[in-house]
Amino acid sequence: LGAWAQSSCKECTAGTWSVAWGAIAESTCQAFWEVHGDCSFAGTGRCVTSAGYPESNYGDHQSCTITALRAGTIDVQWFETESVYDKLTVLELPYAGTAGPQDVALAVGDALSWTSDQSITATGWKLCLEVTTTPAPMTTTTASDAHCQAGAGYAPDSSTCVQCGAGTWSAEGSTTCTRCTSGTWSTVSGAGSQDTCSKCSVGTWSSQEGSPTPDSCQKCPAGSWGGAEGL
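As a starting point, this report considers the structure included with it.

About the criteria used
Residues numbered from 1 in each chain as written. Predicted model: local features only at pLDDT ≥ 70, side-chain atom pairs only at ≥ 80, totals over all residues. Heavy atoms only, no water. Helix = DSSP H or I, 4+ residues; strand = E, 2+ residues; numbered from the N terminus. Buried < 20%, exposed > 50% of the residue type's maximum accessible area, 1.4 Å probe, protein only. Contact = heavy atoms within 4.5 Å. Areas by Shrake-Rupley, 256 points an atom, 1.4 Å probe, with all protein chains shown as cover. Disulfide = S-S within 2.5 Å. Phe/Tyr/Trp six-rings, centres within 6.5 Å; stacked < 30°, edge-to-face > 60°. Pairing = 2+ DSSP bridges. Core = buried A, V, L, I, M, F, W, Y, C linked by side-chain atoms within 4.5 Å. Axes fitted to C-alpha atoms, helices over the stretch in contact; angles between N-to-C directions.

**Thoughts on the overall build of the chain**
Logical step 1: Along the backbone of the chain there are zero helices and 20 strands.
Logical step 2: Across the 231 residues in the chain, those meeting the buried criterion constitute 36%.
Logical step 3: Sequence-distant contacts, at least 24 apart, represent 57% of the contacts inside the chain between residues at least 6 apart.
Logical step 4: Summing over all exposed atoms, the chain offers an accessible surface of approximately 12600 Å²; the carbon and sulfur share of this is 52%.

If you want it as structure tokens, here you go:
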């Protein structure tokens, strides 16, 4: 705190990312996959690859397990393995050669497994997750006892839970999306914590609640000053 250098900002861990500028909590870092074994994250973590891709072929006797942490469909960026023997198994279906699991739908918790045998390798594969945005599930359909998951609020018109928009958030079990307070903002949709609301920087202020962008933060006018964040 109080440091001016960008180096004082902590990076999201491997396999996670965040679109929130000025974030104050690690909870803004989102993950798409959980990976164990001889596979790697690519880019922001939305994509996973076989070991060595794209610089080199994968190796012999390699294996990994990949679990989807968000619902979506698979977008195959590249797929080339030894036919029959080096397999990526998705929802119990094996893929090998040049036929990858394009557009296969995954639910949260669905697992992919990769294995290579003792001979003949290839360039491997790169898969990305195209996240599906759907109304959040609810356990009841009445406003009096509706229960929504974190990041969603109850919509009486459709009797469903819907994702909170940017600039708002909700905790587990809440029926309403709460606006970020004045002096804060958030670009994150489906936020499950107030920690995703980022404060206006020092020297700026905002009276707007529920701001979805930092554009609501205005510079203090001439003859005044702001000595703290979140004014």
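**Looking at the environment of Val48**
Logical step 1: By the element assignment, Val48 lies in strand β5 (residues 47-50).
Logical step 2: Under the relative-accessibility criterion, Val48 is labelled buried at 0%.
Logical step 3: As for Val48 and Cys128, which are separated by 80 residues in sequence, their C-alpha atoms are 6.4 Å apart.
Logical step 4: When neighbours within four sequence positions are excluded, Val48 is seen to be in contact with Trp33, Val35, Ser40, Phe41, Ile66, Trp125, Lys126 and Leu127.

**Concerning the state of the cysteines**
Logical step 1: A full pass over the atoms with the stated rule returns six disulfides.
Logical step 2: Note on cysteine connectivity: Cys39 is disulfide-linked to Cys64, with sulfurs 1.7 Å apart. Because the torsion about its S-S bond is -60 degrees, the bridge between Cys39 and Cys64 counts as left-handed. Here Cys64 lies in strand β6 (residues 63-68) and Cys39 lies in strand β4 (residues 39-42), a separation of 25 residues in the sequence.
Logical step 3: A relative accessible area of 10% places Cys39 in the buried class.
Logical step 4: Assessed through its relative accessible area of 5%, Cys64 is described here as buried.
Logical step 5: At a sulfur-sulfur separation of 2.0 Å, the disulfide partner of Cys180 is Cys197. Taking the sign of the torsion about the S-S bond as the criterion, the disulfide between Cys180 and Cys197, at about -75 degrees, is left-handed. Note that Cys180 is positioned in the loop between β16 (178-179) and β17 (184-185) and Cys197 in the loop between β17 and β18 (198-199), a separation of 17 residues in sequence.

**Focus on the packing of aromatic side chains**
What characterises a pair of aromatic rings is the spacing of the ring centres plus the angle enclosed by the ring planes.
Logical step 1: Enumeration according to the criterion identifies two aromatic pairs in this entry.
Logical step 2: Where Tyr58 meets Trp114, the ring centres are 5.0 Å apart and the plane angle is 85 degrees; that geometry is what we call edge-to-face. Residue Tyr58 is found in the loop between β5 and β6, and its partner Trp114 is found in strand β11 (residues 111-115); the two are separated by 56 residues along the sequence.
Logical step 3: Given a relative accessible area of 2%, Tyr58 falls into the buried group.

**Notes on the sheet that holds strand β7 (residues 72-80)**
Logical step 1: The antiparallel open sheet is built from five strands, whose spatial order is β4-β5-β12-β7-β10. Two strands in the sheet have a free side with no partner beyond their single neighbour: β4 and β10 (105-106).

**Comments concerning the nonpolar core**
Logical step 1: Trp33, Ile66, Leu106, Leu112 and Trp125 are the most contacted members of the largest nonpolar core, which totals 23 residues.
Logical step 2: Secondary-structure elements contributing two or more residues to this core are β3 (33-37), β6, β7, β8 (87-90), β11 and β12 (124-131).
Logical step 3: Ignoring anything within four residues of it in the chain, the contact list for Ile66 reads Trp33, Glu34, Val35, Cys39, Val48, Asp110, Ala111, Leu112 and Trp125.
Logical step 4: Core analysis: the second largest hydrophobic core is formed by five residues, Trp169, Cys180, Ala191 and Cys197 among them.

**Considering the environment of Gly190**
Logical step 1: Along the polypeptide, Gly190 turns up in the loop between β17 and β18.
Logical step 2: Residue classification places Gly190 among the partly exposed residues on the basis of a relative accessible area of 25%.
Logical step 3: Along the sequence, Gly190 and Gln163 sit 27 residues apart, while their C-alpha atoms lie 5.1 Å from each other.

**Considering the sheet that holds β6**
Two pairing modes exist for strands in a sheet, parallel and antiparallel, and in both the strands are linked by backbone hydrogen bonds.
Logical step 1: Read across the sheet, five strands follow the order β3-β6-β11-β8-β9 without closing on themselves; strand pairing throughout is antiparallel. Because the sheet does not close on itself, it has two edges, and the strands there are β3 and β9 (93-95). Strand-to-strand twist in this sheet, taken as the mean axis angle between neighbours without regard to direction, amounts to 20 degrees.
Logical step 2: Judged from the five bridges that link them, β3 and β6 form a sheet pairing that is antiparallel. Its bridge partner being in β6, Gly37 is matched across the sheet by Cys64.

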